[in-house]
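Per-entry structural report
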Amino acid sequence: MTISDQAAQPAPAAPAAELSAAQKAELDADIEALSVGAAAWAELPLDKRAALLREVHAAVSSQAEQWARTAARIKGLELDSPLVGEEWMSGPYAVLTAVAALAKTVDALASGHSPIENVTLGTAPGGRVTVPVMPFNSYEGLLLHGFHGEVWLKPGVSATQARGEAGLGELTPTLSGGVGLVLGAGNITSIPPLDVLYEIVAHNRSSLLKINPVMHDIMDVYQAALAPLVNAGMLRIVQGGAAEGTYLAHHDGIAHVHITGSAATHDAIVWGVGAERSANKKALTPLLKKPITSELGGVSPIILVPGKWTTSDLRYQAEHVATQRLHNGGYNCIAGQIVVLSSDWPQKAAFLDQLRAALERTPGRRAWYPGSDDRVADVEAHYPRAQRLADGARLLVDIQADEDASHLQTTESFSPVLGVVEVAGTGQAFLDAAVATVNADFLGTLGANVLIAPAERRKLGDGFEKAIAELRYGSIAINSWTGFAFLAAGASWGAFPGHSLDNVQSGIGIVHNALLLDHTERTVVTGPFRPFPRSIAGGEFALFPKPPWFVTARSATRTGELLTRFAQKPSWLKMPGIFASAFRA
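Since the structure is predicted, the reported quantities are computational estimates derived from the model, not experimental observations.

With mixed pairing, 11 strands are arranged side by side in an open sheet as 1-2-3-18-15-14-9-10-13-12-11. A strand with exactly one partner marks an edge of an open sheet, and here the two such strands are strand 1 (122-124) and strand 11 (387-389). Averaged over all pairs of adjacent strands, the angle between their axes in this sheet comes to 25°, without regard to strand direction. Bridging between strand 14 (residues 447-451) and strand 15 (residues 475-478) involves 4 bridges; their strand directions are parallel. For alanine 448, the partnering residue across the bridge sits in strand 15 and is isoleucine 476. Lying on the sheet, helix 16 (residues 427-441) is in contact with strand 9 (300-304), strand 10 (336-342) and strand 13 (417-423); it crosses strand 9 at an angle near 170°.

Structure (structure tokens):
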């Protein structure tokens with residue numbers, strides 16, 4: 001089964017409004033300034049580039065508190081809400097760790113070394129080479145004890161090739177990528193800066209960042225936090241909507257476009273709107289005459305491998321699943337949308353009871369992202385037996401055998417909607433069937449999550465590893481959430497390779513990737529099935545408590561702030577305060 005990305009959202013029906021001559025002239029001037037900046041960047045030595053990145057780190061540090069507060073205000077959160085921790089971690093913390101990692105990579109290249117020269121590489125099924133990216137340093141080894149991650153390279157790439165080609169555009173620093181347009185996301189505040197940084201460092205492109213209208217109020221924070229890039233002529237930041245985006249995307253001075261958003265917006269840029277779009281797609285004649293990369297979300301599965309779980313396991317993993325859906329209110333491109341359960345699991349009903357309870361007790365928040373209520377209503381119209389929870393704010397869709405799951409499987413809800421589908425079998429038979437189902441029937445390939453008890457994973461052995469290799473997703477989380485891979489500076493972030501302009505699904509290309517690895521295929525992150533201290537009792541050497549990104553973590557705001565303060569200026573002396581806060585979750 002091939003899923004068209006158009007199932008995600010309807011395409012815009014009308015062309016964008018025309019800009020005035022004055023508006024066009026202002027944007028033209030920005031592009032001209034960035035063209036000069038890109039030429040200057042091509043002459044900037046690598047050590048000076050690394051120094052500039054450290055200036056960005058300092059500037060982001062100075063804006064961290066205002067950044068988190070502004071993001072919370074945009075999303076309607078009270079500052080004493082534990083959910084504000086999300087804004088610290090997915091905002092300034094993510095950018096600080098990424099900038100520091102990129103600077104370290106450029107430093108290595110400036111000294112004539114591969115950024116993975118002394119890294120012990122691994123292997124994965126299919127003869128793939130893997131590159132460990134988490135923990136990224138000794139600090140992370142303790143802060144994230146029990147978590148690890150690696151980037152899998154495409155089959156056929158050798159270890160020697162991986163080391164020699166790590167560096168991307170920094171290996172050919174005098175080859176300018178021109179001026180790129182970055183169409184910023186409207187949901188997570190670190191996404192636009194991270195996309196800009198990757199354009200500049202990985203591709204030698206200066207960037208014109210257009211802020212999503214939803215994020216209008218973050219403009220001043222971005223201007224201050226990214227001022228070193230602006231002053232270097234490598235960045236301009238503008239406001240605007242579809243009219244500005246359309247004008248810039250098709251501007252002769254723009255060499256490349258990167259978008260984080262919806263497939264509908266991507267297609268409007270590439271193919272046009274309405275009848276024009278349909279005709280151009282059919283004829284494979286895109287309106288956009290330049291390269292475009294994209295991250296467009298999808299329908300992310302959460303596969304629960306059946307096993308013998310304790311009551312504490314059921315409760316904890318129910319909160320884990322609730323987090324994957326409700327983080328950021330449900331407005332994440334990587335949100336878990338459908339739980340895949342075994343119809344033969346004796347504990348299925350007990351888990352669903354715990355899941356309902358977790359969805360009920362998670363702190364409430366307003367539906368802050370535009371169109372949310374309409375998207376929830378659309379799902380409810382397709383599944384009238386769906387259950388409203390948390391005073392009607394959340395929807396649980398337990399799809400029965402006599403119902404058609406295809407609408408929820410092929411439509412990114414981008415709202416607090418969580419589905420449940422069942423697949424027969426236990427053990428390896430279930431896992432293989434679940435993998436085949438999500439690969440074939442679910443929209444997109446951005447991320448997939450697998451929850452499995454340690455005893456069951458040991459029992460499956462190599463069969464489990466082979467099943468993970470069969471999952472065609474750009475990020476895979478085992479006993480973790482793929483949103484955690486988003487936070488890992490060294491991880492690649494994007495859809496599984498292979499999408500095309502006319503069936504773009506979750507997008508084309510990657511970002512983040514602070515080691516500047518070439519030929520990436522996916523990132524795989526793994527966490528402990530149980531939090532400390534139950535992890536130790538269950539045979540996992542992991543000292544990590546309930547993660548601060550859990551939507552039920554009571555101390556998340558304090559922990560998120562402390563993590564950000566640590567990223568500003570790492571010190572072992574800051575560790576005890578972080579752990580003390582985290583253990584109060």
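Attention now moves to the side chain of asparagine 204. Following the sequence through the fold, asparagine 204 ends up in the loop between helix 6 (191-203) and strand 5 (206-210). Accessibility expressed as a relative area gives 2% for asparagine 204, which makes it buried. A distance of 3.4 Å separates a polar side-chain atom of asparagine 204 from the backbone oxygen of leucine 175. Among all residues touching asparagine 204, those that are not within four sequence positions of it are Trp41, Arg49, Gly169, Glu170, Thr172, Pro173, Leu175, Ser176, Gly177, Gly178 and Glu199.

Attention now goes to the side chain of asparagine 328. Along the polypeptide, asparagine 328 turns up in the loop between helix 12 (311-326) and strand 10. Residues contacting asparagine 328, with those up to four places away along its chain left out, are Lys75, Glu86, Glu87, Asn187, Ile188, Arg365 and Trp368.

Turning our eyes to something else, we now look at the pattern of salt bridges. One pass over the full model with this rule turns up 26 salt bridges. Residue arginine 49 is joined to glutamate 170 by a salt bridge in which the shortest nitrogen-to-oxygen separation is 3.0 Å. Taken as a pair, arginine 49 in helix 2 (residues 46-74) and glutamate 170 in the loop between helix 5 (159-165) and strand 4 (179-183) lie far apart in primary sequence, 121 residues in all. Like arginine 49, the residue glutamate 170 is buried in the burial classification. A salt bridge links lysine 459 to glutamate 456; the nearest nitrogen and oxygen atoms lie 3.6 Å apart.

Helix length check: helix 6 (13 residues) gives 17 Å between terminal C-alpha atoms against 18 Å at 1.5 Å per residue, within 8%. What helix 6 keeps buried is the set Ile191, Pro192, Pro193, Leu194, Asp195, Val196, Leu197, Tyr198, Glu199, Ile200, Val201 and Ala202.

The next subject is the confidence of the model for the protein chain. Across the protein chain, the average pLDDT comes to 95, with 97% of residues at 70 or higher. pLDDT under 50 marks residues 1-13. Its contacts with residues more than four places away, or in other chains, come to 40 contacts.

The strands making up a sheet are joined through hydrogen bonds of the backbone, oriented either antiparallel or parallel. As summarised here, the arrangement of the 5 strands in space is 6-5-4-7-8, forming an open sheet in which the pairing is parallel. Two strands in the sheet have a free side with no partner beyond their single neighbour: strand 6 (235-238) and strand 8 (292-295). Strand-to-strand twist across the sheet, computed as the mean angle between neighbouring axes with direction ignored, equals 15°. Sheet topology note: the strand 4/strand 5 ladder contains 5 bridges and is parallel. Bridging across to strand 5, valine 182 finds its partner in leucine 209.

Because an α-helix packs 3.6 residues into every turn, residues spaced three or four apart end up facing the same way. Buried residues of helix 11 (residues 274-283): Arg277, Asn280 and Lys281, and no others. Here the buried residues of helix 11 occupy an arc of 100° about the axis, which is enough to place them on one side. In helix 11, the exposed positions angled more than 90 degrees off the buried face are occupied by Ala275 and Lys282. Looking at the buried side of helix 11, the elements it contacts are helix 10 (263-271). Just downstream of helix 11, leucine 284 is the residue with a positive phi angle, here 55°.

About the cut-offs
- Residues numbered from 1 in each chain as written.
- Predicted model: local features only at pLDDT ≥ 70, side-chain atom pairs only at ≥ 80, totals over all residues.
- Heavy atoms only, no water.
- Pairing = 2+ DSSP bridges.
- Helix = DSSP H or I, 4+ residues; strand = E, 2+ residues; numbered from the N terminus.
- Axes fitted to C-alpha atoms, helices over the stretch in contact; angles between N-to-C directions.
- Contact = heavy atoms within 4.5 Å.
- Buried < 20%, exposed > 50% of the residue type's maximum accessible area, 1.4 Å probe, protein only.
- Polar contact = N/O pair within 3.5 Å; in protein donor to acceptor, adjacent residues only side chain to side chain.
- Salt bridge = Lys/Arg side-chain N within 4 Å of Asp/Glu carboxyl O.
- Expected span 1.5 Å × (residues − 1).
- pLDDT = per-residue confidence, 0-100.
- Arc of directions from axis to C-beta.

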